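Here is how the chains run, residue by residue.
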Amino acid sequence: MTRSYVREARRRGLGRRRERIGPIVDRLAAEHEDAAIALRFRTDVELLVSVMLSAQTTDVNVNRVTEHLFSKYRSPEDYLATPISELERDIYATGFYRQKAKAIRGAMRVLLDDYEGRVPTRLDDLLRLPGVARKTANVVAAELGHAQGVVVDTHVRRLSQRLGLTRQDDPVKIERDLQRVVPRSDWARFPHLLIWHGRRVCIARRPVCEACAVNDLCPSSRVDAARSPAP
Ligand code: SF4
C-alpha cells in the first residue's frame with residue numbers, strides 16, 4: 001500500500017497541495033533549467049515514432065537507433081513502403097521490435113488515411129493510433145504544444161507520491177490528482193521537472209534530501225523528519 005505522504009504533509013504542517021505546488025514548480029524549474037524531453041526528433045512524425053520506440057527502453061538507446069532510422073524513413077509512406085521485416089531489423093535494438101514495427105506501420109496507415117499524413121494534436125485522435133496508449137499520447141500532445149493531461153512515468157509516479165501530491169498508485173488516478181493540483185499552464189513542463197529531479201536528486205533508492213531544493217515542502221524529506229518531533 002502506498003504510504004500516505006499527503007497525511008504526512010498535514011502532520012508536518014507543510015500546507016495543502018495547492019499551496020505547495022507553486023513553489024515546488026518554481027524551485028524545480030530554477031534547479032533544472034535544462035529539463036526537457038531527451039528524445040531527438042525534427043518533425044512531428046519523428047516525435048511520434050521516437051515516443052513509440054521508447055517503451056521499455058532508454059531514451060539514449062532510442063536516439064542511437066533513430067539517428068539512422070530517420071535518415072532512411074522520412075515520411076509515413078516510407079514506413080509502409082518498406083517490408084516489415086526490414087523495419088523490424090532497423091528498430092531491433094529498442095526491444096519488442098515486432099510489436100513496435102507493427103504498431104508504427106499501423107499508426108502511419110491511420111495518419112495517411114485520416115489525418116493527411118500529419119500527427120493530430122487532440123488526445124482522442126492520438127489514442128486512435130495503433131500502439132499509442134495514454135502516456136505516449138500525452139507526451140506527443142505536450143511536445144506539440146497541446147498538453148491535455150500530465151505524463152505519468154515511473155519518476156513522476158514516485159515523486160508525486162513522495163511530495164504528497166497523490167495517495168494513488170495507479171498512473172491514471174495519479175494523473176487525475178495532478179491535473180487537479182498542477183496549473184494547466186504547467187502540465188507540459190511539470191513531468192519533465194519531476195523526471196529530471198528524480199534522476200538527479202530524488203533517486204529511487206537513495207533520495208538526496210539534504211541537497212533537495214524542495215525539502216522544506218516535502219512530507220517525505222529525511223531532513224525534515226530528523227527535525228520534526230516524533231508523532
Ligand atoms: S526531500 Fe527527499 S524525498 Fe522529498 S523530493 Fe526531495 S529528495 Fe525527494
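Rules and cut-offs
All residue numbers here refer to positions counted from 1 along the written sequence of the relevant chain. In view of the model being predicted, local features appear only for residues whose pLDDT reaches at least 70, and side-chain atom pairs are presented and counted only at 80 or more, with totals across whole chains, interfaces and linings using the full set of residues. Hydrogens and waters are ignored; side-chain quantities use all the structure's heavy atoms. Proximity is defined per residue: if any heavy atom of the residue lies within 4 Å of a molecule or strand, that residue is considered near it. Amino acid classes used here: Ala, Val, Leu, Ile, Met, Phe, Trp, Tyr, Cys and Pro are nonpolar; Asp, Glu, Lys and Arg are charged; the rest, including Gly, are polar. Only runs of H or I of at least four residues qualify as helices and only runs of E of at least two qualify as strands under DSSP, and these elements are numbered from the N terminus. Accessible area is worked out with a 1.4 Å probe on protein chains only. A residue is then buried under 20% of its type maximum, exposed over 50%, and partly exposed in between. Charged residues are defined narrowly, with Lys and Arg counted positive, Asp and Glu counted negative, and His plus the chain ends left uncounted. The term salt bridge refers to a pairing of a side-chain nitrogen on Lys or Arg with a carboxyl oxygen on Asp or Glu at a separation within 4 Å. Residue contacts are defined here by distance: any two heavy atoms, one from each residue, within 4.5 Å place the two residues in contact. It is the directions from the helix axis to the C-beta atoms whose arc is reported. To define a nonpolar core, start from buried Ala, Val, Leu, Ile, Met, Phe, Trp, Tyr and Cys residues and group those joined through side-chain atoms within 4.5 Å. The definition of a polar contact used here is a pair of N or O atoms within 3.5 Å, where within protein one atom must be able to donate a hydrogen and the other to accept one, and adjacent residues in sequence count solely through side-chain atom pairs.

Q: Sorry if this is basic, but what is going on with the site of the ligand here?
A: Near the ligand the following residues occur: Arg162, Leu163, Cys202, Pro207, Cys209, Cys212, Asn215, Cys218, Ser220 and Ser221. Its residues placed into classes, the shell around the ligand shows six nonpolar, three polar and one charged.

Q: Help me out: how do you make sense of the side chain of arginine 158 in this one?
A: Tracing the chain through its elements places arginine 158 in helix H10 (residues 154-162). Buried within the structure, arginine 158 lacks any salt-bridge partner; aspartate 153 is the closest side chain of opposite charge, at an N-O distance of 7.2 Å. In this structure arginine 158 touches Gly198, Cys202, Ile203 and Ala204, once residues within four positions along its chain are discounted.

Q: Which parts of the structure should I look at to understand helix H11 (residues 171-181)?
A: Because the α-helix completes a turn every 3.6 residues, residues three or four places apart line up on one side. For H11, the full list of buried residues reads Ile174, Glu175, Asp177, Leu178 and Val181. End-on view of H11: buried residues confined to an arc of 160 degrees, all on one side of the axis. Against the buried residues of H11 lie helix H2 (17-31), helix H9 (134-143), H10 and helix H12 (189-200).

Q: Hey, could you run me through the nonpolar core in this one?
A: Buried together is how nonpolar side chains tend to be arranged in soluble globular proteins. Counting residues in hydrophobic clusters, the biggest one holds 34 residues, and the most contacted among them are Leu48, Val49, Leu69 and Tyr79. Residues within four places of valine 49 in sequence aside, it is in contact with Leu69, Phe70, Tyr79, Ile104 and Met108. Counting 30 residues, the second-largest nonpolar core is a separate cluster that includes Leu163, Val181, Leu194 and Cys218.

Q: Sorry, what's going on with the side chain of serine 220 here?
A: Note that serine 220 resides in the loop between H12 and helix H13 (222-227). Among the polar contacts made by the side chain of serine 220, one reaches the main-chain carbonyl oxygen of arginine 162 at a distance of 2.5 Å.

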